[in-house]
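# Chains, contacts and geometry: an overview
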Amino acid sequence: MEKIYTALQNKKKDVLLLFIIFILPPIGIYAYSMFFPVITAINLIMLTICCLACFLIMFFGGWNWHSWDLEVKKFTYLAYLVFTLSGIVFLYTAKEILGLKLNEDLIYNTTFKSLIGPICLLQVFSYNFFLLRKLEEILDINGEKDVQSFWTLVILTTIFFTEMHIMFSLKFIAICFIGGFFFNIMYIKFRNWILMFISHLTLNFFAAYFGFFPA
């Protein structure tokens, strides 16, 4: 913990940058939604701006191709397949226990179908790929090398991801926390944001179809 505190003190500008990019926008939208109606695509707009900021930081920070998390390790494809299928089984089991109704109108909802793909892609790129790499840089740790670093990154990225959804209902926030927790564990172990996007998109669709949140 002392190492992390020292790292934060030495990189206050980077910490402030993450606060401005990842923390302030959801809080601002939540505050706005308390007094005025929020457009459906607000999350997409917020994530687009967030990703543009991430790209600028990567460009001016000299990020190289090897830091883009596109390498495939042994068992990566199998791991994501098992993870996604297990997630679907978990969602279905939870639906049955909670007595949720299927959202059968989902396939006709053009707004949902047009937003789910871009939102999932931008979420994975900014909150899994970029945020994880930036936190490792700021804290001077590596989630793949020791247990303490691993769980520090899992907890921090899960908090960031959950905070992004504070404008929604408590049930939805709880789902985001649980989902974000396991997504981050998976991503730190097998860093491929394209495969994570496919998994995230698939599980988000089933979560909506199983009635966990309105599409």
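What comes next is a walk through the structure. All figures in this text were calculated on a predicted structure; none of them were measured in a lab. (Residues numbered from 1 in each chain as written. Predicted model: local features only at pLDDT ≥ 70, side-chain atom pairs only at ≥ 80, totals over all residues. Heavy atoms only, no water.)

Assigned secondary structure in the protein consists of eight helices and zero strands. The order of α-helices and β-strands along the protein, N terminus first, is α-α-α-α-α-α-α-α. The C-alpha radius of gyration computed for the protein amounts to 18 Å, which stays within 12% of the reference 17 Å derived for 215 residues, consistent with globular compactness. If one aligns the C-alpha atoms of the protein with their principal axes, the spans along those axes are about 50 × 45 × 30 Å. Residues counted as buried form 46% of the 215 residues belonging to the protein. Here the contacts in the protein between residues at least 6 apart in sequence split such that 81% fall between residues at least 24 apart. Surface exposure of the protein reaches about 12300 Å², of which carbon and sulfur atoms provide 72%. Counting 15 positive and 13 negative side-chain charges, the protein places the centres of these two groups 1 Å from one another. (Helix = DSSP H or I, 4+ residues; strand = E, 2+ residues; numbered from the N terminus. Rg over C-alpha atoms; globule rule 2.2 N^0.38 Å. Buried < 20%, exposed > 50% of the residue type's maximum accessible area, 1.4 Å probe, protein only. Contact = heavy atoms within 4.5 Å. Areas by Shrake-Rupley, 256 points an atom, 1.4 Å probe, with all protein chains shown as cover. Lys, Arg positive; Asp, Glu negative; His and termini not counted. Charge placed at Lys NZ, Arg CZ, Asp CG, Glu CD.)

A word on a nonpolar patch on the surface. Taken together, Tyr30, Tyr32, Met34, Phe35, Phe36, Val38, Ile39, Ile45 and Ile49 make up a surface patch of nonpolar side chains, about 950 Å² in accessible area. At the level of elements, helix H2 (12-33) and helix H3 (42-61) are the ones that each hand at least two residues to the nonpolar patch. Its place among the elements puts Tyr30 in helix H2. A relative accessible area of 37% places Tyr30 in the partly exposed class. (Patch = residues over 30% accessible without salt bridge, like charges linked within 9 Å, V, L, I, M, F, W, Y side chains within 5 Å. Salt bridge = Lys/Arg side-chain N within 4 Å of Asp/Glu carboxyl O.)

In contact at an axis separation of 9 Å, helix H5 (residues 110-139) and helix H8 (residues 193-209) are set at 135 degrees when each is read in the N-to-C sense. Relative to H8, the element H5 lies oblique. In this structure, H5 meets H8 at a crossing whose hand is right-handed. Contacts from Phe112, Ile116, Gly117, Cys120, Leu121, Gln123, Val124, Phe125, Asn128 and Phe129 of H5 reach H8 at Trp193, Met196, Phe197, His200, Leu201, Asn204, Phe205 and Ala208. Of the residues that constitute the contact of H5 with H8, the class distribution is 13 nonpolar, five polar and no charged. (Axes fitted to C-alpha atoms, helices over the stretch in contact; angles between N-to-C directions. Parallel < 35°, antiparallel > 145°, perpendicular 65-115°, else oblique. Left-handed = near helix turned anticlockwise from the far one by under 90°. Nonpolar A, V, L, I, M, F, W, Y, C, P; charged D, E, K, R; others polar.)

What follows deals with the packing of aromatic side chains. Here the distance between the centres and the angle between the planes together describe a pair of aromatic rings. By the definition in use, this model includes 20 aromatic pairs. With a centroid separation of 5.3 Å and an interplanar angle of 15 degrees, the aromatic rings of Trp63 and Phe130 are classed as stacked. Residue Trp63 is located in the loop between H3 and helix H4 (76-98), and its partner Phe130 is located in helix H5; the two are separated by 67 residues in the primary sequence. Residue Phe130 is classed as buried on the basis of its relative accessible area, which comes to 0%. Relative to Trp193, the ring of Phe125 lies with its centre 5.3 Å away and its plane at 80 degrees, an arrangement referred to as edge-to-face. Separated by 68 residues along the polypeptide, Phe125 in helix H5 and Trp193 in helix H8 bring together distant segments of the chain. (Phe/Tyr/Trp six-rings, centres within 6.5 Å; stacked < 30°, edge-to-face > 60°.)

By themselves, these figures tell us nothing about what the structure is for.
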